[in-house]
Amino acid sequence: MTAPHQRSRRLVAIPLGMVMATALAVVPNVTASAAETGRVAADATPLSYVVNVHPGHGPSARVKKAIAQAGGTIVTSYDRIGVIVVHSSDAGFAAAIRGVRGVQSAGATRTAPLPAQSTTDVGTPKVLTAEEMADVQAADGQDPLEPLQWDLPAIKADKAHEVSLGSRDVTVAVIDTGVDDTHPDIAPNFDRDASVNCVTGRPDTTDGAWRPGPTESAHGTHVAGEIAAAKNGVGVTGVAPGVKVSGIKVSTTAGYFYTEAVVCGFMWAAEHGVDVTNNSYYTDPWYFNCEDDPDQEALVEALARASRYAEKKGAVNVAAAGNENYDLAADEITDPVSPNDSTPSDRVIDPSECLDIPTQLPGVVTVASTGAKGLKSSFSNHGLGVIDIAAPGGDSTRFQTPAPPATSGLILGPLPGGAWGYMAGTSMASPHVAGVAALIKSTHPHAPAALVKALLYAEADATPCTDPYDIDGDGKVDAVCEGPRNYNGFYGFGTADALDAVTK
């Protein structure tokens, strides 16, 4: 049950009936740095780099001088974690700066010159029509489109809302493509002070800078609504409709999530009182970042420092597991899409040594997706010891049909411009868990991030392996689940439970 791999990132959800999976063919391994492959700045157009030094009060005079001498210009420096963002047109910049005393690692964050080349989004949302909205009959106490949200009762969020909607003192940051805070489902709960544009790697607090442009992805807005769409008699209801949500925009206009932007996003969340971050993407251009490559090693280190710092400051970092039906605990995986901002090539990687970031970073809550029947979604990545928890992310309606009155197996949420529509993917599962984490934080306001995570796992509903897993019914096993009922490769500790989050 495979489909051609589309040039897309985790943020791009499947349209109706589409399965995003990848055949695991074994091909020769290719692991070369950008400089070694000659893909860097042949026309002297600058690339972006991260230079990792000892955390402290800023880069030393020696490092600053060396950066300049190597042809670099410092864009910004995150001194508390020792990550410097640099632009340089010199293809040998990273190799030159790595040898400087005080530099621990350095690497190009992309393989294409600035600005990134354009790409085409795949899996645009299925917009709900006026006729479809008019046909919905909501019960007393429900928002108008809530009957179509099979995902809420799947994690007992509807029952949880009878107890608590969450606290206004809790903020969830959506690190994503941007959030339309003017949407009527999002505006009541939007936290402007915790919102920012981080695309360049440096915070831009211009009013509205966190919003997606007219041609940019609706992804972040949909995610924000899944978490905290207000229970206000309009549209849909979020998992935690009483908490605040902020937008931290980190994707370029072309839809790339580069390391310097994501580092900025985590650091902004850390310094602005965010309780939970949602990360429904992978950091471009490498799906998996191999630490034996000096460029990719530096990217992993920079993001690990930033995510650890955010957790240290109190944020629970939640991330999507990915949409390729990969077994992230396998001995090897074929990655056919990296680097996705220039010329990808098939390479065989070991997922224990080549990491999907931020998904596989230490401390990050890794979320698999389930469909309307509670089974692993056809596209969802999995893997014993990698997946922490599962939540509804939707699936093809043909594979997992919801009970009426819901009609689509995908996830309904807000879209920019005041619309609503369906999307699916682990991108949609992650915000469900982020919402449950926000409810736990609301119930236990003084709980540190480690305790919130512990409660999230302890309160999850144990979900046994689906064995055999033949989601399309063709008689062939589509994925193999390992592990016992209360901790396995499909569902981790189980399916997120919103009711326990507000009652225990």
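Residues numbered from 1 in each chain as written. Predicted model: local features only at pLDDT ≥ 70, side-chain atom pairs only at ≥ 80, totals over all residues. Heavy atoms only, no water.

A. Quick peek at the sheet that holds strand 2 (residues 72–78). As summarised here, the arrangement of the 4 strands in space is 2-3-1-4, forming an open sheet in which the pairing is antiparallel. The open sheet has two free edges, formed respectively by strand 2 and strand 4 (103–108), since each of these has just one partner strand. This sheet shows a mean twist of 25° between the axes of neighbouring strands, independent of strand direction. Relative to strand 4, strand 1 (residues 47–53) runs antiparallel, the two sharing 5 bridges. Paired with valine 51 across the strands is alanine 106, a residue of strand 4. (Pairing = 2+ DSSP bridges. Helix = DSSP H or I, 4+ residues; strand = E, 2+ residues; numbered from the N terminus. Axes fitted to C-alpha atoms, helices over the stretch in contact; angles between N-to-C directions.)

B. Geometry of a negative patch on the surface. There is a patch of like negative charges on the surface, built from Glu291, Asp292, Glu297 and Glu353. Tracing the sequence through the fold places glutamate 291 in the loop between strand 10 (289–290) and helix 9 (294–312). (Patch = residues over 30% accessible without salt bridge, like charges linked within 9 Å, V, L, I, M, F, W, Y side chains within 5 Å. Areas by Shrake-Rupley, 256 points an atom, 1.4 Å probe, with all protein chains shown as cover. Salt bridge = Lys/Arg side-chain N within 4 Å of Asp/Glu carboxyl O. Lys, Arg positive; Asp, Glu negative; His and termini not counted. Charge placed at Lys NZ, Arg CZ, Asp CG, Glu CD.)

C. Region of the structure containing the pattern of salt bridges. One pass over the full model with this rule turns up 15 salt bridges. A salt bridge links aspartate 500 to lysine 504, with the shortest nitrogen-to-oxygen separation between them at 3.4 Å. For lysine 504, a relative accessible area of 54% corresponds to the exposed category. Each of Arg80, Glu271 and Lys313 takes part in salt bridges that share partners, so that together they form one network. (Buried < 20%, exposed > 50% of the residue type's maximum accessible area, 1.4 Å probe, protein only.)

D. A look at the sheet that holds strand 6 (residues 171–176). An order of 7-8-6-9-11-15-16 is seen for the 7 strands of this open sheet, with the pairing classed as parallel. The open sheet has two free edges, formed respectively by strand 7 (196–197) and strand 16 (389–392), since each of these has just one partner strand.

E. Region of interest: the state of the cysteines. Following the criterion strictly, the structure yields 3 disulfides and no others. Two residues share a disulfide in this structure: cysteine 290 and cysteine 354, whose sulfurs sit 2.1 Å from each other. Here cysteine 290 and cysteine 354 share a disulfide; its torsion about the S-S bond, 110°, makes the bridge right-handed. Of this pair, cysteine 290 sits in strand 10 while cysteine 354 sits in strand 14 (residues 354–355), and the two are 64 residues apart along the sequence. With relative accessibility at 1%, the residue cysteine 290 sits in the buried group. On the basis of relative accessible area, cysteine 354 is assigned to the buried category, the value being 7%. Between the sulfur of cysteine 465 and that of cysteine 481 lies a disulfide, 2.1 Å long from S to S. Taking the sign of the torsion about the S-S bond as the criterion, the disulfide between cysteine 465 and cysteine 481, at about -65°, is left-handed. Here the residue cysteine 465 occupies a position in the loop between helix 11 (449–458) and helix 12 (498–503), and cysteine 481 occupies one in the loop between helix 11 and helix 12, the gap between them amounting to 16 residues. For cysteine 481, a relative accessible area of 13% puts it in the buried group. Across the protein, the disulfide pattern expressed with sequentially numbered bonded cysteines is 1-2, 3-4, 5-6. (Disulfide = S-S within 2.5 Å.)

F. How the structure looks around the confidence of the model for the protein. When pLDDT is averaged along the protein, the result is 90; 89% of the residues meet or exceed 70. Per-residue pLDDT stays below 50 along residues 1–43; that stretch engages in 147 contacts with residues further than four places along the chain or on separate chains. Segment residues 118–122: pLDDT under 50, and 14 contacts once partners within four positions in sequence are set aside and those in other chains are kept. (pLDDT = per-residue confidence, 0-100. Contact = heavy atoms within 4.5 Å.)

G. Inspection of the side chain of serine 430 at higher detail. Mapped onto the fold, serine 430 is located in helix 10 (residues 426–443). When residues no more than four places from it in sequence are discounted, the contact partners of serine 430 are Asn278, Asn279, Ser280, Val318, Ala319, Ala320 and Val367.

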